[in-house]
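Structural description and commentary
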Amino acid sequence: MMSRSYTNLLDLAEGNFDALGPAGGVGRRRQGSFGMKRMSRVMTVPGTLSELDGEDESEPAATNSVASDVPSSVAAERLIVVSNQLPVVARRRPDSRGWSISWDDDSLLLQLRDGIPDEMEVLFVGTLRADVPVSDQDEVSQALLDRFRCVPVFLPDHLNDRFYHRFCKRHLWPLFHYMLPFSSASTTTTSSSSTASSSGNGRFDRSAWEAYVLANKFFFEKVVEVINPEDDYVWVHDYHLMALPTFLRRCFNRLRIGFFLHSPFPSSEIYRTLPVREEILKALLNCDLIGFHTFDYARHFLSCCSRMLGIEYQSKRGYIGLDYFGRTVGIKIMPVGVHMGQLQSVLRLPDREWRLSELQQQFEGKTVLLGVDDMDIFKGINLKLLAFENMLRTHPKWQGRAVLVQIANPTRGRGKDLEAIQAEIRESCERINGEFGESRYSPVVFIDRDVSSVEKIAYYTIAECVVVTAVRDGMNLTPYEYIVCRQGAPGSESISEVSGPKKSMLVLSEFIGCSPSLSGAIRVNPWNIEATAEAMNEAISMSEQEKQLRHEKHYRYVSSHDVAYWSKSFIQDLERACKDHFRRTCWGIGLGFGFRVVALDPHFTKLNMDSIVNAYKMSESRAILLDYDGTLVPQTSINKSPSAEVLRIINTLCSDRKNIVFLVSGRDKDKLGEWFASCPKLGIAAEHGYFVRWARDEEWQTCTQALDFGWMQMAKPVMNLYTEATDGSYIETKESALVWHHQDADPGFGSSQAKEMLDHLESVLANEPVSVKSGQFIVEVKPQGVSKGVVAEMILASMMERGKQADFVLCIGDDRSDEDMFENIADIMKRSMFAPRTSLFACTVGQKPSKGKFYLDDTFEVVTMLSALADATEPEPEIDLVDELAASVSSLDIGDEQSESSEQ
C-alpha cells in the first residue's frame, strides 16, 4: 500500500499543488488577514535554550515579532534570502543542555549582506547543517529568528535524502557539470552506497524529482510564514530551489523574485536530456531576474528557452530580457566575488605569522605551485598531477626546485567514480615522488585533511603560482583568494611577509567561471596535459616585472568586484526589473509547472458583451474589421475553411445598411474568395491588404500603384540559397509577396539564418520599392505601403469622404500584423476621422501584450460575440453604402505604411 507521503508526491508531480496540504492556499489570503503562520514563541531574551525551559508558551507574543499576526503599521522593504542552507553553525552543547548557534563567517549568504542597503532588513530561510530532534525544533527556530533573523526549514530525513542526495546531487549536479548517466551502473553520487543502489543506478528517478518538488514546497511554506508580499524582495539561491519560484508566484502574482545560479548551466544539448527540463525552465521564468556567473551560462539558458519553449530574448540598453506572457524576465551576468574584509582580517591574525614563517622554512629555496580543490570528480586534480609530472620531465631544471602543494578538501560524498579518482591521485603522487623525490625533497605535497583558513592563507602567501585544472566548475574563488593573500593586508607589513613587489601567477582551466574575469591568467585546457605542463613552466619562469603587472591588474578587479559589489548590483537590477509590478494588471493562468503570470497594461480589459451590444445598437455608421486565422478559426484547426455558423453571422452583419464588414487577412485572394463566395456584401482585403474587394461582384483592386514585381526575380534566388542550406525551411510565394518560413528548422540555426537573410535581402533590394521584414519564424518581402493598418485607414477614410463617419468601430485580430490596425485606428482617432463619441473596440484574441484595449480569450468567444451583434442587427432591404464607398476608394491618397509580419 502506498504511503500518504508518496501519494502527495504523485499529486504534486501532476501539478496538483493543493493536494499536498493547506499551504498551497495560504498566500491567497490578503496581507493582514492571511495570517503569517505563527512560530511557537519560546525564546524572547538572549541566552541558551536550556535556560528557557520554564517559559510559559501561553504568554502573548511580542507585537514586533516577524511572525506576528498583526501587520506592522510602518512597511519597510526587506530582503528574504532563501537557500538550501542557512549561514549559521548549530551544535548541541557537550552537556546536551541546549544548542550553541553562531554565524558561519565563510558563508557567501552572510557576506552578501555587505552590499544590501542599510535600511533593508535581511531575513534568511534555509536548512541547518545539524540533525535537530523534533522536540527541539521549536526552540531552535525561535532562537534563530530572534538572534539571527533566520527561519529554519526542517526536512524529514527520508525526504532530505531523496531531495538532496538523490536528485540534487545525483541528477542535477552531474548534469549541470556535463555528466550524463550513459550506463545504468553509473553511481557518481554524494550519497551512501545503499542509497545509490536504491535510486535507480544513475538513471532519472521520478520519485526523487517528486521529493525535490515537495522539499521546495517546504521552503515555500516557511517563506509564507514571514513574508509581506507588498514590500519584500525574495532572492532564491542555487539549483536546489529551482521549483520554488512557481510556488511563490502562484500565491503572490506581484511578488518580487530574484534567482541566482551558483553552478554552471549546461548547453542545450546536455540540458535537454533532463526529463523535467520544461518544468524547471518554466519555474525559473516565474522569477523577475535570473543571475549567472558568466555569459556562457546565461547563453546556454537562453538557448534552452528558445529551443524548448520558443522564447527569444532581446537586448535593450545593455540589459538582456525575455518577454514571457507580458512580463520581462531579466538576465543578470555578474560573477560573485570574495569578502575583502574577512580575508584581510585573517591576514592580520597572529596565527598566520608563525604558520607563514614555518612554511617559508619548510620550502626555502623552492618554487611552490599550489592547488586548493574540493575532492570531487570535476576538479581535475589528477590532470594537474600529470601535467606537473610532465613539466618535471620535459624541464629538468625544476627537478629538486619546484614543489606542487595540493590541498584536497575532504570529500562530501561517495561513489565508485570518486573512489577511482582518489585511488588514481594517490598512485600519481607516489609515482611522482618516487621518480623525482630526493632526501628532504618531495615534488608533490598532498594534503588530504581539513585545513584551517589561517593555514590555507599561509600557503597562498608563499605560492608563486596557483593552478586550477577543474574540468567544470561554476565559479571557483580560489584564484581570487590567492590574489588578495599575495597582496597582503594594508598596513600590516611584517617580517614574515613576502618581500619585494607584490606579484602572483595563475594557471586556470578555461572551463571555470572565474576564468573570463582574470584576463592576465594563463588559460589552459586541462585535458591537454602537455599544454598545461608548458603553462606551469611559463608561469614560474616569467619575469618578475611581468608577474607584478599581471598581479596588479588582477588585484584591481578582485578588490573592486567583491561580494558586496555583486549583491548590490543584483539588488539594483532586481529593483529595476520589478519597478512596474504594481502598475500592471496580472492574471495567473495554468496548472502545475505550467503556471505563469500574464502581466498587462491596467487599461487592458476583457471585452464586455453587454457593452459592445449596447454600443452597437446605438450607433448609425459601423465599421467591422475581422482577421481570419486565429480569430474566426483556431490556428490549430486542420480544416481552415469557415464554418456555416461563421458564414451565417457574417451575412447577417452585412445585411444591415449601417455596417461595413471587412475580412482583413494575410491569405491569398483566391482562397478567401472561394471560402466566402456565399457572402455577397462582404469586403475582403487579402495578402495584408494588397488586394482589396468591397463586395463579391466587385473587381479586385490593389492598394499601391507599384505593379512591377521584377524584384521577385532578385529576391527568390537569395531565399532559395538559404532554403537549401536550412533544413526544415520553405518559401511561400504569394502574388504580392515572398515569405520564408523557418518554424520547422533548428531554432538557433533558423534564427541565425533569418538574420543573415534579412541583411542579404536588404542589400540586394536596397533600390527596390519593397520592404523586408522579419516576424515570428518568417522573413517577408512585399511592396512598400502594404499593411492591415493601411486597409483600416482606407475604409474609415472612405466612410468619412461620403459623409458617414464611423461612430462604431470593431477591429479584431490575433497576431502581430493585426497590431497595425490597432495602432492606425488609435492614430486616426487623433485626426478626427471618426464621429464624436465614437465607440472604438480594438480587440486582440488571447491575454497578451497588445496595442488593442480589449481582449477575448479565444475564437469561440469571438464567434459568440459576433453572434450577439448579429442578433442585434436589423436587416433593411435598402441599398447599402458599399457601392458608393467602393467607387470613392480610387480617389483617396493614403500614406504608406509597412506591416510587421505575415499571417497564415
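Preceding this section is the structure that the text describes.
For every chain, the first residue of the written sequence is number 1, and numbering continues from 1 along that sequence. Owing to the predicted nature of the model, reporting of local features is limited to residues with pLDDT of at least 70; listing and counting of side-chain atom pairs is limited to 80 or more, with chain, interface and lining totals taken over all residues. Hydrogens and waters are ignored; side-chain quantities use all the structure's heavy atoms.

Looking at unusual backbone geometry
Counted only if it meets this: A run of H or I in DSSP counts as a helix once it spans at least four residues, and a run of E counts as a strand once it spans at least two, with each numbered from the N terminus.
The phi angle at Y178 is positive, at roughly 70°, despite the residue not being glycine. Secondary-structure assignment places Y178 in the loop between α4 (157-176) and α5 (193-197). Of note, H688 is a non-glycine position whose phi angle comes to about 60°, a positive value.

Observations concerning the sheet that holds strand β28 (residues 770-775)
This is how it is decided: Following DSSP output, two strands are said to pair if at least two bridges run between them. Axis definition: a line fitted to C-alpha atoms, over the contacting stretch in the case of helices. Angles run 0 to 180 degrees between N-to-C directions. What makes two residues a contact is simply this: any of their non-hydrogen atoms within 4.5 Å.
Ordered by their spatial adjacency, four strands build an open sheet running β26-β27-β29-β28, and the pairing between neighbours is antiparallel. Single-partner strands in this sheet number two, and they are β26 (730-733) and β28. The sheet shows a mean angle of 15° between the axes of neighbouring strands, taken without regard to direction. As paired elements, β28 and strand β29 (residues 778-783) share six bridges and run antiparallel to each other. Considered in β29, the bridge of S771 is made with K782. Sheet contacts for helix α23 (residues 711-725): β26, β27 (738-741), β28 and β29; angle to β27, the most-contacted strand, approximately 10°.

Things to note about the side chain of R486
To keep it simple, the criterion reads: Note on exposure labels: buried denotes an accessible area under 20% of the residue type's maximum, exposed denotes more than 50%, and partly exposed covers the range between, all computed with a 1.4 Å probe on protein chains only.
Structurally, R486 can be placed in helix α16 (residues 478-487). You can call R486 buried: its relative accessible area is 7%.

Side note on the nonpolar core
Inclusion rule: We define a nonpolar core as any set of buried Ala, Val, Leu, Ile, Met, Phe, Trp, Tyr and Cys residues linked to one another through side-chain atoms lying within 4.5 Å.
Counting residues in each nonpolar core, the largest one holds 184 residues, and the members touching the most others are Y212, F265, F301 and V405. A total of twelve residues in this core trace back to one element, the largest contributor, which is helix α6 (residues 206-226). Excluding anything up to four places from it in sequence, F265 contacts F176, Y178, Y271, L281, F292, Y297, H300, F301 and C304. Membership of the second largest hydrophobic core comes to 43 residues, among which are V646, I649, L663 and A872.

Structural notes on the pairing of β27
Of the two faces of β27, the one lined by L738 and W740 and the one lined by V739 and H741 are each fully buried. Alignment of β26 against β27, held across four bridges, turns out to be antiparallel. Note on β27: the bridge partner recorded for E732 is V739. Counted between consecutive antiparallel strands, the loop separating β26 from β27 contains four residues. Here four bridges tie β27 to β29, and the two strands are oriented antiparallel to one another. Counterpart to H741 in the pairing with β29 is I778.

A word on the sheet that holds strand β22 (residues 659-664)
Taking strand neighbours across the sheet as the criterion, the nine strands line up as β20-β32-β31-β30-β21-β22-β23-β24-β25 in an open arrangement whose pairing is mixed. Of all strands in the sheet, those with a lone pairing partner are β20 (605-606) and β25 (701-702), marking the two edges. The sheet contact formed by strand β21 (residues 622-626) and strand β30 (residues 808-813) spans five bridges and is parallel. Opposite R622, over in β30, you have F808 as the bridge partner.

Some details on the packing of aromatic side chains
Where we set the bar: Stacked, tilted and edge-to-face are the three classes applied to pairs of Phe, Tyr and Trp rings, where Trp contributes its six-membered ring and a pair requires centres within 6.5 Å; stacked means planes under 30 degrees apart, edge-to-face means over 60, and tilted covers the rest. For a lysine, the NZ atom is tested; for an arginine, the CZ atom; a charge sits over a ring if that atom is within 6 Å of the ring centre and within 35 degrees of the ring normal.
The final tally for this structure, using the stated rule, is 31 aromatic pairs. Between F662 and W694 the ring centres are 5.0 Å apart and the planes differ by 85°, which places this aromatic pair in the edge-to-face class. In this pair, F662 is assigned in strand β22 and W694 in the loop between β24 (691-693) and β25, connecting sequence segments 32 residues apart. Taken together, the ring pairs connect F163, F167, F204, W209, Y212 and F593 into an aromatic cluster. The ring of W103 carries R113 above its face, with NZ or CZ at 4.8 Å from the centroid. When the ring centre of Y233 is taken as origin, the NZ or CZ atom of R256, which lies over that ring, is 4.0 Å away.

Description of the pattern of salt bridges
As a reminder of what qualifies: When a carboxyl oxygen of Asp or Glu is within 4 Å of a side-chain nitrogen of Lys or Arg, the pair counts as a salt bridge.
On inspection of all chains with the given rule, the structure shows 43 salt bridges. In this structure, the salt-bridge partner of K379 is D376, at a minimum N-O distance of 2.9 Å. Exposure remark for D376: the relative accessible area of 12% places this residue in the buried category. Linking E455 and R449 is a salt bridge whose minimum nitrogen-to-oxygen distance equals 2.8 Å. A relative accessible area of 10% means that E455 is categorised as buried. One network of salt bridges, with partners in common, ties together E389, R393, E427, R431 and E435.

Considering the environment of D818
Take D818: it is sitting in the loop between β30 and α26 (819-830). Separated by 24 residues in the primary sequence, D818 and A842 place their C-alpha atoms 9.9 Å from one another. Not counting residues within four places of it along the chain, the set of residues in contact with D818 comprises D627, K788 and G813.

What about the pairing of strand β4 (residues 121-127)?
Taking burial as the measure, the seven residues of β4 include six buried ones, the bulk of the element. With six bridges joining them, strand β1 (residues 78-85) and β4 adopt parallel strand pairing. Within β4, the residue paired with V81 across the bridge is F124. Alignment of β4 against strand β5 (residues 150-152), held across three bridges, turns out to be parallel. The residue bridging G126 from the neighbouring strand is P152, located in β5.

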